[in-house]
Amino acid sequence: MPEDSGALVERMWLDESSWVDVSRGWLDDADEVYVSLLSGMPWKTSSVFRYDRSIEEPRLGSYWRPGNPTPHPAIIESHRTLQRRYKVRFDGCGMAYYRNERDSVAFHRDPRHSAAR
């Protein structure tokens, strides 16, 4: 959501302390960014511990950190814009690739990050 894109941000409240911001149409050339990320990222599977054993996640993942080569300039711009918008410092950008209808993610809750105030 580059700040000069003119895209509107719609906040959808999930409960009294949780929300999702939706901004449609802010990424120019989304198909080109997708192809670049698909071919330029080191995608891999990982394991997660569920109940009594480790299982392979049914998706691929990758991660970009500032200072590392970027797979596409849109990642850096998005990273900076999100940090400014939410006044939070992020270590990087995690990505998930769902290859087909069999890939998924189980219901989960990500740890909360405290925003700088």
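In case you missed it, the structure is sitting above this.
Residues numbered from 1 in each chain as written. Predicted model: local features only at pLDDT ≥ 70, side-chain atom pairs only at ≥ 80, totals over all residues. Heavy atoms only, no water.

**Quick look at the overall build of the chain**
Logical step 1: Each helix and strand counted, the chain has two helices and six strands in total.
Logical step 2: Reading the chain from its N end, one meets helices and strands in the order β-β-α-β-β-β-α-β.
Logical step 3: Considering only contacts within the chain whose residues lie at least 6 apart along the sequence, 52% involve residues at least 24 apart.
Logical step 4: As presented, the chain carries roughly 9,400 Å² of accessible surface, and 52% of it is formed by carbon and sulfur atoms. (Helix = DSSP H or I, 4+ residues; strand = E, 2+ residues; numbered from the N terminus. Contact = heavy atoms within 4.5 Å. Areas by Shrake-Rupley, 256 points an atom, 1.4 Å probe, with all protein chains shown as cover.)

**Considerations on helix α1 (residues 30–40)**
Logical step 1: Taken together, the buried positions of α1 are Val33, Ser36 and Leu37. End-on, the buried residues of α1 take up no more than an arc of 95°, which puts them together on one face. Exposed residues lying more than 90 degrees from the buried face of α1 are Asp31, Val35 and Ser39.
Logical step 2: On its buried side, α1 packs onto α2 (73–86) and β6 (93–97). (Buried < 20%, exposed > 50% of the residue type's maximum accessible area, 1.4 Å probe, protein only. Arc of directions from axis to C-beta.)

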